[in-house]
Amino acid sequence: MVNGRTVLGRFPAGGPRGSWPAEEFARARRDEGQPAEVVMDLASDAFLVVVGESEAAMAA
């Protein structure tokens, strides 16, 4: 959990495709009905796909 949000996926920021894999993963989760979004975690230099705490509880 990060700031009350559940991390669904973690993608390295230094990858050759940048944030695209994270964006594609988030889009697939949204297509499944989860309100996923991509955020940047500067501390770990990674893109995170997250859902809010209340959305994660509803999806479970």
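As shown above, the structure is provided for reference.
Residues numbered from 1 in each chain as written. Predicted model: local features only at pLDDT ≥ 70, side-chain atom pairs only at ≥ 80, totals over all residues. Heavy atoms only, no water.

Colleague: Explain helix α1 (residues 20-31) residue by residue, including any values.
Modeller: Between its first and last C-alpha, α1 extends 16 Å over twelve residues, near the 16 Å set by a 1.5 Å rise per residue. All buried positions along α1 are accounted for by A22, A26 and R29. Here the buried residues of α1 occupy an arc of 60° about the axis, which is enough to place them on one side. Among the exposed residues of α1, those pointing more than 90 degrees away from its buried face are W20, R27 and D31. (Helix = DSSP H or I, 4+ residues; strand = E, 2+ residues; numbered from the N terminus. Expected span 1.5 Å × (residues − 1). Buried < 20%, exposed > 50% of the residue type's maximum accessible area, 1.4 Å probe, protein only. Arc of directions from axis to C-beta.)

Colleague: Any details on the sheet that holds strand β3 (residues 46-52)? Residues and values, ideally.
Modeller: Pairing within the open sheet is antiparallel, and its three strands lie in the order β1-β3-β2. Both outer strands of the open sheet, β1 (5-12) and β2 (37-41), are each paired with one neighbouring strand and no more. Recorded for the sheet is a direction-independent mean angle of 35° between the axes of neighbouring strands. Two elements, β2 and β3, share five bridges in a ladder whose sense is antiparallel. (Pairing = 2+ DSSP bridges. Axes fitted to C-alpha atoms, helices over the stretch in contact; angles between N-to-C directions.)

Colleague: So what about the pattern of salt bridges? Which residues, and what values?
Modeller: Applying the stated criterion across every chain yields a total of four salt bridges. For R17, the salt bridge identified is with E24, shortest N-O distance 2.7 Å. Salt-bridge contacts for E32 lead to R29; the nearest nitrogen and oxygen are separated by 3.0 Å. The exposed category is assigned to E32, whose relative accessible area is 56%. (Salt bridge = Lys/Arg side-chain N within 4 Å of Asp/Glu carboxyl O.)

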